[in-house]
Amino acid sequence: MSFFDFNDAEQQQGFELIPAGTLARVCLRIKPGGYDDPSQGWTGGWATRSAQTDAVYLACEAVILDGPHARRKLWWNIGLSSPKGPTWTQMGRTFMRAVLNSARHIHPGDTSPQAQAARRIQGFGDLDGLEFAVRIGIEANGRGEDKNTVTSVVEPDHRDYAALMGLTPGVSQAAAPAAALAQTASPATQAPGGKPAWAQ
């Protein structure tokens, strides 16, 4: 059989948009952009800087892990800074706090030392590979075409969180992960700051 005979190749599969409001468990992957700013603690080449706007962000890809849309992918940016002002940074800090809460089973209202330790990271590499729950939305891309994106993170106080994450309903999942992180965290991990931010 010749490689160049494509009659037995699979047909291209088209994907309809995932309905807005769909909840799913995803795995985050960050595409390194090679930009560092040691003064901000941004090292390792994880960040990307836009040549057009000078905005700095993490280029993210989320793979849906299970359910009817398993293996579908979502793309968006986690903003780190913008010349337009601090609003994007504050939005990003809120978004990434929610990601850590979701991935590490920390209730958003938990202010215990263990929970606070679980919301600290050493660098952007700690975010790569995190599994958490999201709400999917639809937005227009740069060409005016509709695409799926992540609109918000589903945290442990959401009624569907346990099912999405495969946890036992009614059983607290926060204490063990938070305590383990607190015991293994280095002084650098526990230092304030270092949280990236999200923006389009």
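Let me sum up the structure you'll find in this document. Just so we're clear, the structure is a prediction, and the values are computed from it rather than from any experiment. (Residues numbered from 1 in each chain as written. Predicted model: local features only at pLDDT ≥ 70, side-chain atom pairs only at ≥ 80, totals over all residues. Heavy atoms only, no water.)

### Topic: the overall build of the chain
Alright, step 1. Helix and strand content of the chain: five helices and seven strands.
Alright, step 2. From first element to last, N terminus to C terminus, the chain shows the α and β order β-β-β-β-β-α-α-β-β-α-α-α.
Alright, step 3. Put simply, the chain has 200 residues, and 36% of those count as buried.
Alright, step 4. Taking all contacts inside the chain whose residues are at least 6 apart in sequence as the whole, residues at least 24 apart take part in 62%.
Alright, step 5. Carbon and sulfur atoms make up 51% of the accessible area of the chain, which totals about 11600 Å². (Helix = DSSP H or I, 4+ residues; strand = E, 2+ residues; numbered from the N terminus. Buried < 20%, exposed > 50% of the residue type's maximum accessible area, 1.4 Å probe, protein only. Contact = heavy atoms within 4.5 Å. Areas by Shrake-Rupley, 256 points an atom, 1.4 Å probe, with all protein chains shown as cover.)

### Examining the pattern of salt bridges
Alright, step 1. Enumeration over the complete set of coordinates arrives at seven salt bridges.
Alright, step 2. Between Glu 131 and Arg 25 there is a salt bridge; the shortest N-O distance is 2.8 Å. In this pair, Glu 131 is assigned in strand β6 (residues 131-140) and Arg 25 in strand β1 (residues 23-31), connecting sequence segments 106 residues apart.
Alright, step 3. Judged by relative accessible area, Glu 131 falls into the partly exposed class, the value being 35%.
Alright, step 4. Between Glu 139 and Lys 147 there is a salt bridge, with its nearest N and O atoms 3.7 Å apart.
Alright, step 5. Taking relative accessible area as the criterion, Glu 139 reaches 24% and is therefore assigned partly exposed.
Alright, step 6. Beyond isolated ion pairs, a larger network of salt bridges with shared partners links Arg 25, Asp 66 and Glu 131. (Salt bridge = Lys/Arg side-chain N within 4 Å of Asp/Glu carboxyl O.)

### Brief notes about unusual backbone geometry
Alright, step 1. Positive phi outside glycine occurs at Asp 54, with the angle close to 65°.
Alright, step 2. Mapping Asp 54 onto the fold places it in the loop between β3 (42-49) and β4 (56-64).
Alright, step 3. With a phi close to 60°, His 105 is a non-glycine residue in the positive phi region.
Alright, step 4. By secondary structure assignment, the location of His 105 is in the loop between α1 (87-103) and α2 (113-118).
Alright, step 5. Overall, His 105 belongs to the buried group, its relative accessible area being 16%.

### Some words on the layout of surface pockets
Alright, step 1. The volume enclosed by the largest pocket comes to roughly 280 Å³.
Alright, step 2. At the level of secondary structure, the elements contributing two or more residues to the lining of the largest pocket comprise β5 (73-81) and β7 (146-154).
Alright, step 3. Residue composition of the lining of the largest pocket, by class: four nonpolar, two polar and five charged. (1 Å grid on protein atoms, 1.4 Å probe; cavity = no way out; pocket = protein on both sides within 12 Å on 5 of 7 lines; lining within 4 Å. Points joined across faces, edges and corners; volume = space filled by probe spheres on them. Nonpolar A, V, L, I, M, F, W, Y, C, P; charged D, E, K, R; others polar.)

### Points about the packing of aromatic side chains
Alright, step 1. Under the defined criterion, the tally for this structure stands at four aromatic pairs.
Alright, step 2. Put simply, the rings of Phe 3, Phe 4 and Phe 6 touch in pairs and so form one group of aromatic residues. (Phe/Tyr/Trp six-rings, centres within 6.5 Å; stacked < 30°, edge-to-face > 60°.)

### A word on a nonpolar patch on the surface
Alright, step 1. Taken together, Phe 3, Phe 4 and Phe 6 make up a surface patch of nonpolar side chains, about 440 Å² in accessible area.
Alright, step 2. Considering the arrangement of structural elements, one finds Phe 3 in the segment before β1.
Alright, step 3. Since its relative accessible area comes to 64%, Phe 3 is described here as exposed. (Patch = residues over 30% accessible without salt bridge, like charges linked within 9 Å, V, L, I, M, F, W, Y side chains within 5 Å.)

### Focus on the nonpolar core
Alright, step 1. If you look at the biggest cluster of nonpolar residues, it comprises 31 residues, and the most contacted ones within it are Leu 58, Trp 76, Phe 95, Leu 127 and Phe 132.
Alright, step 2. Elements supplying a minimum of two residues to this core: β1, β3, β4, β5, α1, β6 and β7.
Alright, step 3. Examining the composition of this core, we find that six residues originate from one element, α1, more than from any other.
Alright, step 4. Counting residues in hydrophobic clusters, the runner-up holds seven residues, among them Ala 133, Tyr 161, Met 165 and Leu 167. (Core = buried A, V, L, I, M, F, W, Y, C linked by side-chain atoms within 4.5 Å.)

Read these as geometric descriptors, not functional statements.
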